[in-house]
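# Overview (structure and organization)
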Amino acid sequence: MNAASQFLSQAELTEIARKIRVSIVSMLTAAGSGHTAGALGMVEIFTSLYFDRAKIDPSNPSWPDRDYILLSAGHTCPVLYATLAEKGFFDKKELDTFRDINTRLQGHPHLHSLPGIEITSGALGQGLSQAVGMALGLQLDQKDNRVYCIMSDGEQQEGQTWEAYMYAGDHSLSNLTAFIDRNHIQIGGNSNNVLPLNRLSEMIRSFGWETITIDGHSFSALHSAMDRAEQHEQPTAIICETTPGKGVSFIESDFEWHGKPPSEEELQRALEELGVQS
Amino acid sequence: MTKEKRTTRDGFGEALVEAARKDPHIVALTADLRESMRLDGFAEQFPNRFFEIGVAEENMVGIAAGLALTGKTPVTCSYAVFNPQNTMGPIRSSVCYSKTNVKIIGGHAGISTGPDGATHQALEDIAMMRTLPNMIVVVPADYHEAKKATQAILDYHGPAYLRIGKYLTQPVSDENTEFKLGKATILREGNTVAIIACGTMVAEAIKAADQLETHNVSTEVLNMHTIKPIDRFSILELAGHVQLIVTIEEHQITGGLGSAVAEVLAELPQHPPLHRIGMLDQFGESGPSDALLKKYGLTADAIVDLALSKI
């Protein structure tokens, strides 16, 4: 049913993450537009969820007993699409149609376009509310599936996000886990220069959540944080400190890479760094 | 037909309870307006299916979308100035684009909301919802029609906006009146003037038709309870046999019922002139409901004066 039950080794997960990064940079260059830095920085989070943790079945995307993985920060969808393809939800060849006319791989994810997508996202701040709704719906049906909502740090600036934190904390939605990609950049620059989020963990805790801050590129840290989240009686936010552009040296930690794709030449350099023989 | 005046919000609240008894998937959400939106009955009878979200309308719509994605039929309830007017973003992306089966109930709509003043009088909500793909828009005229409209939007699978109010409306229908989404109801037949109305203005349209008959002006009255999808057939049929068409609504004259009718007529090679009665690009103010309706020209008298001056 699910690769998670096979307990992949660290080396195997690392190899999957490498392949996902290769897909991400390739599809972005093919598209000629899109968001590179955030997508590359979130690869370990997605690899962990889809290959190490969540109950999902690529051959049955609407399996009622699946865990729900929601990407709220829709602009980082290359990592979602590349992960879904790697997991077998659709053929990897289709990744090159990203953002093109008549594609199922819309510039920001659309619920009904592609198997494996759980919510439409792109307008920031709308994901966590929907995750709360799903968590409530599953509780009403007395089901034990979990809901995972992946957010960017930039969308912590949206008011709706905090409305959702408040509700989930007050209602002890323990079947809900949020991931925050804390990469410290957003479209207008470093978060510190836009609107700093220096007290993020403290703020989320004050809304009734448990928080765990980890290295978002460490599979073991992600694994144990998700173990701990399952034990909590409150919802848990896993704040993942990440390097935007992770894995490609000239893209790392530069906010200019928030919303642009690699050129053909940059792609070749990126692929070399990612161990692809030309 | 009983003469008792009742509100559309009462019709909504009662119909929701009746529907929820039959359909366990129905859940209700509110943003701290439980009593005002007539949800006390639902909350008492179905406590597990009732969600008090607090004063957070965007979150309410988002949670509703999530509930819909787990198979529920969520009904989100607040004043129309807050839902849909504060929730346009989540409605557009999490509801309409995602085609989640979320119902948007906008209460206290229109200037007849009265003393609360302009901040609480939704007058642009029909226009906002009408432009969204996958959304349908329903404006019931009285208590009984609100009950039927509520059942109809719950039977319909997909995003729906129901506009209701707290104004005590004169009945224009009873429990036996037929109601079909997207199909206007003919309340009077005539061949000189046609009045197309929705919501609270339907009763005014009937009064106007009665007055016009005393001037020997044969008047047809159409209750256009569904603004989207608009009943093109009924409009085209009217256009073929009257000399003047008047629309009236408790809404800006741009973007609402009048505009929807104009869009249909404009495609014809020729058609009778259309005059739209509504709010003239302006906000309301505080005051008793009837005094406000009179001040802003949303009355039978206003229709009659206009019709007599144009034919």
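Residues numbered from 1 in each chain as written. Chains lettered and ligands numbered in written order. Predicted model: local features only at pLDDT ≥ 70, side-chain atom pairs only at ≥ 80, totals over all residues.

Of the regular secondary structure elements, chain A holds ten helices and seven strands. Taking 2.2 N^0.38 as the reference for a compact globule, 278 residues should give roughly 19 Å; the C-alpha atoms of chain A span a radius of gyration of 17 Å, in line with that estimate. For the C-alpha atoms alone, the extent of chain A along its principal axes is close to 50 × 45 × 35 Å. Buried residues in chain A amount to 52% of all 278 residues. (Helix = DSSP H or I, 4+ residues; strand = E, 2+ residues; numbered from the N terminus. Rg over C-alpha atoms; globule rule 2.2 N^0.38 Å. Buried ≥ 20, exposed ≤ 12 C-beta atoms within 10 Å, placed from the backbone.)

Before going further, it helps to examine the sheet that holds strand β11 (residues 244-252) of chain B. All names here are of chain B. One open sheet accounts for five strands, arranged β7-β9-β8-β11-β12; its pairing is mixed. Here the strands that pair on one side only, and so sit at the sheet edges, are β7 (185-188) and β12 (274-279). For this sheet, the mean angle separating the axes of adjacent strands, direction not counted, is 20°. Of the strands in this sheet, β7, β8 (193-197), β9 (219-223) and β11 are in contact with helix α7 (residues 201-214), which crosses β8 at around 165°. Of the strands in this sheet, β8, β11 and β12 are in contact with helix α11 (residues 300-310), which crosses β11 at around 150°. (Pairing = 2+ DSSP bridges. Axes fitted to C-alpha atoms, helices over the stretch in contact; angles between N-to-C directions. Contact = placed C-beta atoms within 7 Å.)

All names here are of chain A. Of all seven residues in strand β3 (residues 176-182), seven are buried; the element is thus mostly enclosed. Going residue by residue along β3, you find Leu176, Ala178, Ile180 and Arg182 tucked away on one face and Thr177, Phe179 and Asp181 tucked away on the opposite face as well. Of the strand pairs in this sheet, strand β2 (residues 147-152) and β3 are connected by six bridges, and their pairing is parallel. Within the sheet, the bridge partner assigned to Met151 lies in β3 and is Ile180. The β-α-β motif built from β2, the intervening helix α6 (residues 159-170) and the parallel element β3 has right-handed crossover chirality. As judged from the six bridges shared by β3 and strand β7 (residues 236-241), these two strands associate in the parallel manner. Considered in β7, the bridge of Asp181 is made with Cys240. (Right-handed = clockwise from strand over helix to strand, strands pointing away.)

Here we take up the interface of chain B and chain A. Taken together, the contacts link 24 residues of chain B with 23 residues of chain A. Where the side of chain B that touches chain A is concerned, the elements lending two or more residues are α3 (57-69) and α4 (88-97) of chain B. In terms of residue count, the dominant contributor to the side of chain B that touches chain A is α3(B) (nine residues). Counted by class, the side of chain B that touches chain A contains ten nonpolar, eleven polar and three charged residues. (Nonpolar A, V, L, I, M, F, W, Y, C, P; charged D, E, K, R; others polar.)

Below, the discussion takes up the domain arrangement of chain B. All names here are of chain B. Once the domains are mapped, chain B shows domain 1 (8-163) and domain 2 (185-310). Centre-to-centre separation of domain 1 and domain 2, based on C-alpha positions: 26 Å. With 23 residues of domain 1 at the interface, the matching set in domain 2 holds 31 residues. Listed by contribution, the elements that provide at least two residues to the side of domain 1 that touches domain 2 are α5 (125-130), β5 (136-138) and α6 (143-155). When the residues that make up the side of domain 1 that touches domain 2 are grouped by side-chain class, the tally is 14 nonpolar, five polar and four charged. (Domains from an automatic or database assignment.)

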